[in-house]
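A closer look at the structure
Spelled out from the first residue to the last, the chains are:
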Amino acid sequence: MVAIFIPTYNNHYVLQGMIENIYATANYPCKVYLIIEQDDLDSINEAKRLGDKVSIIYNDQKGGINHCFNLAYRLTTESLFMVTTDDIRYPNNWLLDAVSQIGDKGVLAFEDKNGLGWGFFLIKREYIEKYSGVVDEPNKIYHEYKHGCSDA
């Protein structure tokens, strides 16, 4: 089972199509976690309408996308997780292919032509537990400073 972490903010109108695309193309067991700001009522209501297709994690600190990923990591337990965004459309077998390619690596990076510079990562939880994604802070995926791109 792969946890898929997706921060979203004021994009309630894309959620249904995005979730349908993920489940139609993954071809591998997964669970989608939407990380939503507590004041984004439209996205919360849409996520609730989607029912058991998604789990909601409430971001109560407005710490930005890096904070959202770290929060989801702390609140979940799946041995594999993916960090991505709410504006990606996935091709057929994307998750099946990613899981088969990660092998003994701790992180597998891939990209989308519409990703605006973001890298998307499939990550083994044991890798973050052992090495962390942040040199000087254990058990974090990213530093939580605000900026417009990820730290690959």
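Whatever comes next refers back to the structure up there.
A brief structural summary. (Residues numbered from 1 in each chain as written. Predicted model: local features only at pLDDT ≥ 70, side-chain atom pairs only at ≥ 80, totals over all residues. Heavy atoms only, no water.)

Under the criterion given, the structure shown has two salt bridges. Across the salt bridge formed by Arg-49 and Glu-46, the nearest N and O atoms sit 2.7 Å from each other. Linking Arg-49 with Glu-46, this pair stays in helix α2 (residues 41-49), spanning three residues, or about one helical turn. Relative accessible area serves as the criterion here: at 15%, Glu-46 is assigned to the buried category. We note a salt bridge from Lys-140 to Glu-137, for which the minimum N-O separation is 2.8 Å. Glu-137 gets classed as partly exposed once you look at its relative accessible area, which sits at 25%. (Salt bridge = Lys/Arg side-chain N within 4 Å of Asp/Glu carboxyl O. Helix = DSSP H or I, 4+ residues; strand = E, 2+ residues; numbered from the N terminus. Buried < 20%, exposed > 50% of the residue type's maximum accessible area, 1.4 Å probe, protein only.)

Its location among the elements puts Tyr-23 in helix α1 (residues 12-25). Considered as a pair, Tyr-23 and Tyr-90 are 67 residues apart in the sequence and their alpha carbons are 9.6 Å apart. The contacts of Tyr-23, once residues within four sequence positions are left out, are Cys-30, Lys-31, Val-32 and Lys-53. For Tyr-23, the side chain forms a polar contact with the main-chain oxygen of Lys-53, separated by 2.7 Å. (Contact = heavy atoms within 4.5 Å. Polar contact = N/O pair within 3.5 Å; in protein donor to acceptor, adjacent residues only side chain to side chain.)

Summed over all chains, the structure comprises six aromatic pairs. Each ring, one from Tyr-90 and one from Trp-94, has its centre 4.2 Å from the other, and the planes form 25 degrees; the classification is stacked. Accessibility classification places Tyr-90 together with Trp-94 in one group, the buried group. One aromatic cluster is present, built from ring pairs that chain together Phe-5, Tyr-33, Tyr-73 and Phe-81. (Phe/Tyr/Trp six-rings, centres within 6.5 Å; stacked < 30°, edge-to-face > 60°.)

In spatial order, the strands read β3-β2-β1-β4-β6-β5; together these six strands make up an open sheet with mixed pairing. Where the open sheet ends on each side, the last strands, each with one partner, are β3 (54-59) and β5 (107-110). Strand-to-strand twist in this sheet, taken as the mean axis angle between neighbours without regard to direction, amounts to 20 degrees. Inspection of the sheet shows strand β1 (residues 2-8) paired to strand β4 (residues 80-83) by four bridges, in the parallel sense. When the sheet's bridge partners are listed, Val-2 is paired in β4 with Leu-80. Against the sheet, helix α4 (residues 94-102) makes contact with β1, β2 (30-37), β4, β5 and β6 (120-124), and its axis sits at roughly 140 degrees relative to β5, the strand it touches most. (Pairing = 2+ DSSP bridges. Axes fitted to C-alpha atoms, helices over the stretch in contact; angles between N-to-C directions.)

Coordinates in, geometry out; function isn't part of it.
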